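Letter by letter, the chains look like this.
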Amino acid sequence: MAQAVVPAMQCQVGVRGRAAVRARPAPGAGGSVWGVRRSGRGTSGFKVMAVSTESTGVVTRLEHLLNVDTTPFTDKIIAEYIWVGGSGIDLRSKSRTISKPVEDPSELPKWNYDGSSTGQAPGEDSEVILYPQAIFKDPFRGGNNILVICDTYTPAGEPIPTNKRHRAAQVFSDPKVVGQVPWFGIEQEYTLLQRDVNWPLGWPVGGYPGPQGPYYCAVGSDKSFGRDISDAHYKACLYAGINISGTNGEVMPGQWEYQVGPSVGIEAGDHIWISRYILERITEQAGVVLTLDPKPIQGDWNGAGCHTNYSTKSMREDGGFEVIKKAILNLSLRHDLHISAYGEGNERRLTGLHETASIDNFSWGVANRGCSIRVGRDTEANGKGYLEDRRPASNMDPYIVTSLLAETTILWEPTLEAEALAAKKLALKV
Ligand code: ADP
Ligand code: MN
Ligand code: MN
Ligand code: MN
């Protein structure tokens, strides 16, 4: 018996699962073209839609249970512990009961998981320990239930190699960095794929849509594909307490962006990872595949990035443009280091075409989207503001990128070696 629960969204293309094709709407139910039935509002305020089956009674009861508000009956809540897996980009999670609602991650117990199943520990010593670090409201379960972002340690208390949060938290607790109150505004781009064929949403299977041009910020069923996913994600992020600041349709059809920030310090990384988790959950329900590959389709199609807008207190104050230029100098001297930390496969994206700069050359400019670093016209005009690092790929780790930006621009001072190396590189190119 096929059963599936999907959110109330109608993706224009490619979410017609096998169950839905066979499904018959229940008599009297408001069936849609794909034989799906709508339920009332859940406790979380999100509609839950169940694919109807031969045994519709079962589906009704399932919806009912998913929407049950447990608060009148028990103090207990469900905490979804979330962590980054062994590839450094995969997200994993599991659930546990907590005896009463919590406000702060310090009230939550540590937990463990089988690291040999996530590529994070050998089988004979497989235990990895989860330390709760930040909590968010759970938009899927509603009520007092929570999502918990965790980082990962050995039983002896050492951060494991894929725990990038630990090092970032050290940078962000350095008094010099704290004093500069670093803000990050991250533009997360992503691509939606039709399941099974792994081809972008809205694209004819085995073929291509018309060339890029009409799709960026577009409306219309022939130009915008997956808006319901983007919108469900937007509301779910607001519900969860994520500092999401906007969304837009992207240049390549089936590609979207949302922005998170400005967020201070380590919070930027936590919020991006939780927002990615929520996006994975929503696309899972919709039967659409999320990819953060920086160049999902070769050829004359835009890649996917994660532009990172950045400022310090001194950059935001009068005279800040001079501080920004000094930061850009430091960034130019550490270009190779930053590129090596900005995401896998980024060389396929940073070609110098499609609003990118070449991966080999550092460049900066005012209002120039073909540069590594862009400074906005407002910042130049006001003499203060922020810079945009356009190099990070969509699959970058925000803990690494944000902490490296802070380190290079606040903690690091140019060395003679760094300057000599940069001069040599430049000389080789000319
Ligand atoms: P773009 O024009 O490159 O598409 P977006 O509007 O998508 O830019 O994203 C800009 C991001 O920069 C937003 O998340 C915004 O909150 C953030 N931002 C704005 N001011 C600052 C600042 N002073 N420091 C860091 N980030 C900022
Ligand atoms: Mn943007
Ligand atoms: Mn964009
Ligand atoms: Mn941008």
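What counts and how
Residues numbered from 1 in each chain as written. Chains lettered and ligands numbered in written order. Predicted model: local features only at pLDDT ≥ 70, side-chain atom pairs only at ≥ 80, totals over all residues. Heavy atoms only, no water. Helix = DSSP H or I, 4+ residues; strand = E, 2+ residues; numbered from the N terminus. Buried < 20%, exposed > 50% of the residue type's maximum accessible area, 1.4 Å probe, protein only. Contact = heavy atoms within 4.5 Å. Areas by Shrake-Rupley, 256 points an atom, 1.4 Å probe, with all protein chains shown as cover. Donors = N, O, S within 2.8 Å, 3.2 Å for Na, K, Ca; no water. Near = heavy atom within 4 Å. Polar contact = N/O pair within 3.5 Å; in protein donor to acceptor, adjacent residues only side chain to side chain. Nonpolar A, V, L, I, M, F, W, Y, C, P; charged D, E, K, R; others polar. Salt bridge = Lys/Arg side-chain N within 4 Å of Asp/Glu carboxyl O. Pairing = 2+ DSSP bridges. Axes fitted to C-alpha atoms, helices over the stretch in contact; angles between N-to-C directions.

A. Spatial organisation of the overall build of the chain. Broken down by element type, the chain carries 12 helices and 17 strands. Put simply, the chain has 430 residues, and 50% of those count as buried. Residue pairs in contact within the chain that sit at least 24 positions apart in sequence constitute 65% of those at least 6 positions apart. Total accessible area on the chain is roughly 19500 Å²; 52% of this is exposed by carbon and sulfur atoms.

B. Just the coordination of the manganese ion (ligand 3), in detail. Within the first shell, the manganese ion (ligand 3) binds the protein through Glu189 (OE), Glu250 (OE) and Glu257 (OE), at distances of 2.1 to 2.2 Å. Each donor residue of the manganese ion (ligand 3) belongs to the same chain, with the gaps between them written as E-x60-E-x6-E. Here the manganese ion (ligand 2) and the manganese ion (ligand 3) are spaced 4.0 Å from one another, each receiving a donor from glutamate 257. Its relative accessible area of 5% is what places glutamate 257 among the buried residues.

C. How the structure looks around the coordination of the manganese ion (ligand 4). Protein coordination of the manganese ion (ligand 4) is provided by Glu187 (OE), Glu187 (OE), His307 (ND1) and Glu388 (OE), with donor distances spanning 2.0 to 2.4 Å. The motif formed by the donor residues of the manganese ion (ligand 4), counted along the single chain, is E-x119-H-x80-E. The distance between the manganese ion (ligand 4) and the manganese ion (ligand 2) is 4.0 Å, with glutamate 187 acting as a donor to both metals. You can see histidine 307 sitting in the loop between strand 13 (288–291) and strand 14 (308–311) and its partner glutamate 388 sitting in strand 17 (residues 387–389), a full 81 residues away along the chain. Pair check on accessibility: histidine 307 and glutamate 388 agree, each one buried.

D. Region of interest: the site of ligand 1. The environment of ligand 1 is formed by 15 residues, the closest being Glu187, Glu257, Ser311, Arg374 and Glu388. One of the side-chain nitrogen or oxygen atoms of arginine 374 is found 2.8 Å away from an oxygen atom of ligand 1. Considering ligand 1 on its own, with 590 Å² of exposed area, one finds that the protein chains cover 75% of that surface. Mapped onto the shell around ligand 1, the elements with two or more residues apiece are strand 9 (183–194), strand 12 (255–264) and strand 14. A per-element tally of the shell around ligand 1 places strand 12 first, with four residues. Its residues assigned to classes, the shell around ligand 1 shows four nonpolar, six polar and five charged.

E. Spotlight on the pattern of salt bridges. Enumeration over the complete set of coordinates arrives at 16 salt bridges. With a shortest N-O distance of 3.6 Å, glutamate 413 and lysine 326 are connected by a salt bridge. Taken together, the positions of glutamate 413 in the loop between helix 11 (398–411) and helix 12 (416–429) and lysine 326 in helix 8 (residues 320–333) put the pair 87 residues apart, joining distant regions of the chain. Classification of glutamate 413 as partly exposed rests on a relative accessible area of 48%.

F. Region of interest: the pairing of strand 5 (residues 91–98). Both strand 4 (residues 77–84) and strand 5 contribute to a ladder of eight bridges, which runs antiparallel. In the strand pairing of strand 5, isoleucine 78 is matched with threonine 97. Between strand 4 and strand 5, which pair antiparallel in sequence order, lie six residues; one of them, glycine 88, sits at a positive phi of approximately 85°.

G. Main features of the sheet that holds strand 6 (residues 111–114). Sheet architecture is open: five strands sit in the order 5-4-8-7-6, paired in mixed fashion. Whereas interior strands pair on both sides, the edge strands pair on one side only; in this sheet they are strand 5 and strand 6. Ignoring which end each strand starts from, the neighbouring axes of this sheet average 40° apart. Sheet topology note: the strand 6/strand 7 (residues 127–137) ladder contains four bridges and is antiparallel. Across the sheet, the residue bridging to asparagine 112 is isoleucine 129, located in strand 7.

H. Structural detail: the pairing of strand 8 (residues 146–153). Buried residues dominate strand 8, accounting for eight of its eight residues. With burial as the criterion, each face of strand 8 is covered, one bearing Ile146, Val148, Cys150 and Thr152 and the other bearing Leu147, Ile149, Asp151 and Tyr153. Bridge analysis of strand 4 against strand 8 gives four bridges, and the strand direction is parallel. Across the sheet, tyrosine 81 pairs through a bridge with valine 148, a residue of strand 8. In this structure, strand 7 lies alongside strand 8, joined through eight bridges in antiparallel fashion.

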